[in-house]
Structures are given as structure tokens and as C-alpha cells.
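If you want the building blocks of each chain, they are given just below.
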Amino acid sequence: MNDMEINYDKLVEKSLKYVVVEALKIAADEGLPGEHHFYITFKTNHPNARVSAHLLNQYPEEMTIVLQHQFANLMIGSTYFEVDLSFGGIPQTLRIPYDSISYFADPHAKFALSFGVSDEIFINTTEINTPEKDQSCTDNKKEKQEAIVVSIEEYKKKHA
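Since the model is a prediction, treat every value here as computed from it, not as a measurement. (Residues numbered from 1 in each chain as written. Predicted model: local features only at pLDDT ≥ 70, side-chain atom pairs only at ≥ 80, totals over all residues. Heavy atoms only, no water.)

**Student:** What exactly am I supposed to notice about the nonpolar core here?
**Tutor:** Buried together is how nonpolar side chains tend to be arranged in soluble globular proteins. Ile65 and Phe81 are the most contacted members of the largest nonpolar core, which has 30 residues in total. When residues of this core are traced back to their parent elements, those giving at least two are helix H1 (8-30), strand E1 (38-43), strand E2 (62-67), strand E3 (72-76), strand E4 (80-87), strand E5 (90-97) and strand E6 (101-106). It is H1 that provides the largest number of residues to this core, a total of 6 residues. (Core = buried A, V, L, I, M, F, W, Y, C linked by side-chain atoms within 4.5 Å. Buried < 20%, exposed > 50% of the residue type's maximum accessible area, 1.4 Å probe, protein only. Helix = DSSP H or I, 4+ residues; strand = E, 2+ residues; numbered from the N terminus.)

**Student:** I would appreciate a short explanation of the packing of aromatic side chains in the present structure.
**Tutor:** Given two aromatic rings, their pairing is described by the distance between the two centres and the angle made by the two planes. Inspection of the entire model under this criterion finds 2 aromatic pairs. Where phenylalanine 38 meets phenylalanine 104, the ring centres are 4.9 Å apart and the plane angle is 50 degrees; that geometry is what we call tilted. Here phenylalanine 38 is found in strand E1, whereas its partner phenylalanine 104 is found in strand E6, with 66 residues between them in sequence. Phenylalanine 38 sits in the buried class, given a relative accessible area of 4%. Each ring, one from phenylalanine 81 and one from tyrosine 98, has its centre 6.3 Å from the other, and the planes form 25 degrees; the classification is stacked. (Phe/Tyr/Trp six-rings, centres within 6.5 Å; stacked < 30°, edge-to-face > 60°.)

**Student:** It is not clear to me how the pattern of salt bridges should be interpreted in this structure. Could you clarify?
**Tutor:** Side-chain pairing between opposite charges can occur once the charged atoms of the two side chains come close. Going through the model one piece at a time under the given rule, you end up with 3 salt bridges. As a salt-bridge pair, glutamate 22 and lysine 25 come within 3.2 Å of each other at their nearest N and O atoms. In this pair, glutamate 22 and lysine 25 are both assigned in helix H1, 3 residues apart and thus about one turn of the helix distant. For glutamate 22, a relative accessible area of 26% gives the class partly exposed. For lysine 25, a relative accessible area of 10% corresponds to the buried category. The shortest N-O distance in the salt bridge between lysine 43 and glutamate 62 comes to 3.7 Å. Taken together, the positions of lysine 43 in strand E1 and glutamate 62 in strand E2 put the pair 19 residues apart, joining distant regions of the chain. By relative accessible area, which is 30% here, glutamate 62 ends up partly exposed. (Salt bridge = Lys/Arg side-chain N within 4 Å of Asp/Glu carboxyl O.)

**Student:** Please explain the pairing of strand E7 (residues 111-114) as it appears in this structure.
**Tutor:** Walk down a regular strand and you will see the side chains alternate between the two sheet faces. As judged from the 4 bridges shared by E6 and E7, these two strands associate in the antiparallel manner. Its bridge partner lying in E7, alanine 105 is registered against alanine 112. Between E6 and E7, which follow one another and run antiparallel, lie 4 residues, and lysine 110 among them has a positive phi close to 55 degrees. (Pairing = 2+ DSSP bridges.)

Here it is in C-alpha cells:
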């Protein structure tokens, strides 16, 4: 007999990450419809995250980005997504692993998910079935605009 137990919390979290990936795919393939927009909070100190040294100094642990009209080149990989944003007029490409995401919301849809991401343990999302390879991402060209980094703590408190 096996002493292992099924960790349902991890299974549910993995499934909910799939919802985030699918929402990002829709945005990459078709753009964001109507008033939909995404708040995405992620761990900047995740080993596979790519952010500039300047942003990492400013946000050493976590930052929130908003995807609405202010993003370009949203590319969806199997374990991460990339997006071009402009911070203080300086364009930058962010690579955000799905397992670094701690919060996702679409306020227009009144939809939000929180994930239990720790600094040491990241959920393995390599098994998420996405047809794209990391090298050949889905590309959505949008005009680059200024990015806004916001604190969503108040939003989390109001909608918790």
C-alpha cells in the first residue's frame, strides 16, 4: 500500500492556473474584448522570471501589471508568457512564468484568483497542455503605451 496522499489543493491550483493561461491566450489571439482587462501579480524573484534590474530593484519580491490598452507583443509559451510594457517611457519585455503568478483578476468580469505561491516552492505548470512551444509563442501586436504598476491590496480587500 502506498503512503502517498493526493494533494487536492495543488490539483485545484494547477487547474485554476490553466484558466489564467486560457484567458491570456484569448487576449493574445483576439485582443481583450470590451472593457475586459487583467491585473496580474507575480513574484519578480522567481528564478525563471525576466524583469530588468531597475524593476527588480524597485519590486524585489512582487509586482502587479495591468493588461488593457497598455501592452504589446503578448506571447504565450507553455510555462510562461511574455509581454512588452513601457515603464517611465522605457519599453521592456517581461517574461512571467505561470507558476510565479500569485493573483489574477479581470475586474470587468468581477473575476479574481489568488494562488499560494511561496518564495521557495513553485508549482510545476509544465504539464499545462498548450500547443505552443516556448520558442514559438502566439504574438499579438498592439501599440505600445505607458504601463501602470498599481497596488491591488485595496481591490483584494474589497473583493475577498
